[in-house]
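Understanding the architecture of this molecule
Here is what each chain is made of, one letter per residue.
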Amino acid sequence: MAEPTAPTVKRESIRRQVLAVLGLGALLALLLAGAIAQRHGMFARTAEVYFLADSAAGIAPGISVRLSGFRIGSVTNVVLQPDLKVKVTMKIEEARSAALRRDAHAEWFKEQLQAAVIDLQPGSATEPLSRSDPRVTHSRRRTLTEVANDLRSRLAPILDDVKQLSGSAASRKDDIAAILANANTASQELAGTAQELRALSGNAKARVATLGGQAQGALGQVQGALGQMQGALTQVNQTLLRV
């Protein structure tokens, strides 16, 4: 019997190496598929909950369902109902579903550059979520863009009013300056008159001894006029401070 030639032995060795590499690749693929399935809870016991939405916009099978920030399941089905409501079914871990109460709530949201997420809030009611009809309430959280647009729409009328007030103040700037100038002039004139009255009062006091009772009357009149003038000066100064 003839012995195998060297090329035949070499080809057999290469074939075995290729088969070994293919087998190892298949094994790695199975392990990867198992890890992915395990991560998505395919081997874990699950429970279904659902909610009814007005629209399925932005909701599709595969969206993650989270509880307290941890992924516990995903959306498995989105079906349009006869009353045009949309039934969104979620499959979550059975152990986590026990924490849901009768007032459990699902909140759908999607931030910029991020995948959509449904956040389950377990609720605080004493009764657990019904097993026969595990329906939760639903709402949609506004995105940052929507909040910013809403804030801008609310601030726009206020900014318009501020611009109008600023324009009115600018147009009346000259009038206000004229009023202040006139008030300042009047204040200076009143101050000068008060100084003259003080001088007259001083002269009157110096002549009290020689003028007698008549001088006393004149001095009283001067002092009264001085008091009135000082009161007027005080009022003008207060007006200037308010302006």
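The coordinates are above.
The sections below set out a description of the structure shown in this document.

The rules we used
Residues numbered from 1 in each chain as written. Predicted model: local features only at pLDDT ≥ 70, side-chain atom pairs only at ≥ 80, totals over all residues. Heavy atoms only, no water. Helix = DSSP H or I, 4+ residues; strand = E, 2+ residues; numbered from the N terminus. Buried < 20%, exposed > 50% of the residue type's maximum accessible area, 1.4 Å probe, protein only. Contact = heavy atoms within 4.5 Å. Patch = residues over 30% accessible without salt bridge, like charges linked within 9 Å, V, L, I, M, F, W, Y side chains within 5 Å. Areas by Shrake-Rupley, 256 points an atom, 1.4 Å probe, with all protein chains shown as cover. Salt bridge = Lys/Arg side-chain N within 4 Å of Asp/Glu carboxyl O. Core = buried A, V, L, I, M, F, W, Y, C linked by side-chain atoms within 4.5 Å. Pairing = 2+ DSSP bridges. Phe/Tyr/Trp six-rings, centres within 6.5 Å; stacked < 30°, edge-to-face > 60°. Lys NZ or Arg CZ within 6 Å of the ring centre and 35° of its normal.

Okay, the side chain of T89 next. Take T89: it is sitting in strand β4 (residues 86–93). For T89, a relative accessible area of 11% corresponds to the buried category. Apart from residues no more than four positions distant in its own chain, T89 is found in contact with E48, V49, Y50, S74, V75, T76 and N77.

Nonpolar side chains collect at one region of the surface, where I14, V18, L19 and L22 lie side by side and expose about 370 Å² of accessible area between them. When you line up the elements, V18 lands in helix α1 (residues 6–39).

Counting through the fold element by element, S124 comes out in the loop between β6 (117–121) and β7 (137–140). Taking C-alpha positions, S124 is 8.1 Å from R102, a pair spaced 22 residues apart along the chain. Discounting chain neighbours no more than four positions away, the residues touching S124 are R101 and D103.

If you look at the biggest cluster of nonpolar residues, it comprises 22 residues, and the most contacted ones within it are F51, V65, M90, I118 and L120. Elements with a minimum of two residues in this core: β1 (46–53), β2 (64–67), β3 (70–80), β4, β5 (105–109) and β6. Broken down by element, the residue count for this core peaks at four residues, all from β4. Apart from residues no more than four positions distant in its own chain, V65 is found in contact with F70, R71, I72, G73, S74, V75, M90, I92, I118 and L120.

As a further point, take unusual backbone geometry. Of note in this structure, S68 is not a glycine but carries a positive phi near 55°. Within the secondary structure, S68 sits in the loop between β2 and β3. At L84, a position not held by glycine, the phi torsion is positive, near 70°. Mapped onto the secondary structure, L84 falls in the loop between β3 and β4. Looking at L84, the relative accessible area reads 61%, which means it is exposed.

Another point: the pairing of β5. Here β5 lies mainly inside the structure; five of its five residues are buried. Burial along β5 is two-sided: the residues H105, E107 and F109 and A106 and W108 are all buried. Where β5 and β6 come together, five bridges link them in antiparallel fashion. Note that in β6 the partner of E107 across the bridge is D119.

For the structure on display, the rule yields zero aromatic pairs. The cationic tip of K87 hangs over the ring face of Y50; the distance from NZ or CZ to the ring centre is 4.6 Å.

Applying the stated criterion to the full structure yields four salt bridges. The closest approach of N and O atoms between R45 and E94, which form a salt bridge, is 3.1 Å. Here the residue R45 occupies a position in the loop between α1 and β1, and E94 occupies one in helix α2 (residues 94–97), the gap between them amounting to 49 residues. For R45, a relative accessible area of 64% puts it in the exposed group. For E93, the salt bridge is made with R96, and the minimal N-O distance between the two is 3.5 Å. Taking the relative accessible area as the measure of exposure, E93 reaches 29% and is therefore partly exposed.

The subject of this paragraph is the side chain of E107. Along the polypeptide, E107 turns up in strand β5. In contact with E107, not counting residues within four places along its chain, are V117, I118, D119, Q121, S139 and R141.

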